[in-house]
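Fold and geometry: a report
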Amino acid sequence: MYIIVGLGNPEKKYINTRHNIGFDVIDAIAEKNDIVLGEKKHKAVIGKGIVAGQKAVLVKPLTYMNLSGESVRSVIDFYKVDEKNELIVISDDVSLDMGQIRIRKRGSDGGHNGLKNIIMHLGHDEFIRVRMGVGEKPPQMDLADYVLGHFCAEEREVMNEGARTATLAIETVIAEGPDAAMNKYNRKRSV
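Please read all numbers here as calculations on a predicted model, not as lab measurements.

About the criteria used
Residues numbered from 1 in each chain as written. Predicted model: local features only at pLDDT ≥ 70, side-chain atom pairs only at ≥ 80, totals over all residues. Heavy atoms only, no water. Salt bridge = Lys/Arg side-chain N within 4 Å of Asp/Glu carboxyl O. Helix = DSSP H or I, 4+ residues; strand = E, 2+ residues; numbered from the N terminus. Buried < 20%, exposed > 50% of the residue type's maximum accessible area, 1.4 Å probe, protein only. Pairing = 2+ DSSP bridges. Axes fitted to C-alpha atoms, helices over the stretch in contact; angles between N-to-C directions. Parallel < 35°, antiparallel > 145°, perpendicular 65-115°, else oblique. Left-handed = near helix turned anticlockwise from the far one by under 90°. Contact = heavy atoms within 4.5 Å. Nonpolar A, V, L, I, M, F, W, Y, C, P; charged D, E, K, R; others polar.

So, about the pattern of salt bridges. Scanning the model with the defined rule gives 14 salt bridges in all. The shortest N-O distance in the salt bridge between E83 and R73 comes to 3.2 Å. Placement of E83 in helix α3 (residues 83–86) and of R73 in helix α2 (residues 68–79) is noted, with a sequence separation of 10 residues between them. Note on E83: relative accessible area 14%, which makes it buried. Among the salt bridges present, the one from K84 reaches E126, with a minimum N-O distance of 3.7 Å. Taken together, the residues K84 in helix α3 and E126 in the loop between α4 (113–122) and β7 (128–133) connect sequence positions 42 residues apart. Classification of K84 by relative accessible area gives partly exposed; the value is 38%. Assessed through its relative accessible area of 28%, E126 is described here as partly exposed.

Here is the structure:
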């Protein structure tokens, strides 16, 4: 069984923001695989179904970004999965071009508070993460203002395509393993 967590913030004002791209990818996976997201437990909205032939639980934490680890820890403890191999976390990344995907099997939080909190709650950094590029912030802009800013229509189109690609990448992680997914998807997006 796989636990697939998309990071974001739960209020309506955060819809279509850079920081909520993890929620957008979860929505794309749910839509493609006919999974209903609606059950509220583990400090999250969850949906259960089949992704790439395997049982999966889709998770959108309701704890706000900085406390995402509370929800992730609760889900892991309840479903008793192997967090090093069966947990996939999707987050935004300002160091990647918009729509670009980077898959890793472990690593630092990269300054991302949601990942930082998950690492703190798990006690290690060995879990699969799919980082989704939201583009570099403008030099004069505050990072928090940038990641909580909304996409324009053109950016939204790029990010929707990126969410579809991330869905395929996650299906590859599940069906063929993270190394195969990294080989296929860890490259610059063609413009």
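This part takes up the pairing of strand β1 (residues 2–6). For a regular strand, side-chain orientation follows a simple rule: the groups alternate between the two sheet faces. Burial runs high along β1: five of the five residues are buried. Where burial is concerned, the two faces of β1 agree: the one with Y2, I4 and G6 and the one with I3 and V5 are both buried. Examined bridge by bridge, β1 and strand β4 (residues 54–61) share four bridges and lie parallel to one another. Paired with Y2 across the bridge in β4 is A56. Pairing geometry for β1 and strand β5 (residues 87–93), over four bridges, is parallel. From the neighbouring strand, G6 faces β5, where its bridge partner is I90.

Turning to unusual backbone geometry, a few remarks are in order. Phi is positive for H42, close to 60°, though the residue is something other than glycine. If you trace the backbone, H42 turns up in the loop between β2 (39–41) and β3 (44–51). Look at Y64: it is not a glycine, yet its phi comes out positive at around 75°.

With that settled, consider the packing of helix α1 (residues 21–32) against helix α6 (residues 153–176). Where α1 contacts α6, the axes come no closer than 9 Å and their chain directions differ by 60°. Here α1 is positioned oblique relative to α6, judged by the angle of their axes. For the crossing formed where α1 meets α6, the hand is right-handed. Counted together, I21, D24, V25, A28, I29 and K32 of α1 and R156, M159, A163, A166, T167, L168, I170 and E171 of α6 form the full contact between these two elements. The class makeup of the residues in the contact of α1 with α6 is nine nonpolar, one polar and four charged.

The next subject is the environment of G49. With respect to the element layout, G49 can be found in strand β3. For the pair G49 and N33, spaced 16 residues apart in sequence, the C-alpha to C-alpha distance is 7.5 Å. Not counting residues up to four positions away in its chain, the partners in contact with G49 are I35, Q54, K55 and A56.

Once that is clear, we can look at the sheet that holds β3. Pairing is mixed in the open sheet, where seven strands are placed in the order β2-β3-β4-β1-β5-β7-β6. Every interior strand has two partners, whereas the edge strands, β2 and β6 (101–104), have only one. Adjacent strand axes in the sheet meet at a mean angle of 25° when their direction is disregarded. Bridging between β6 and β7 involves four bridges; their strand directions are antiparallel. The residue of β7 that forms the bridge with I101 is M132.

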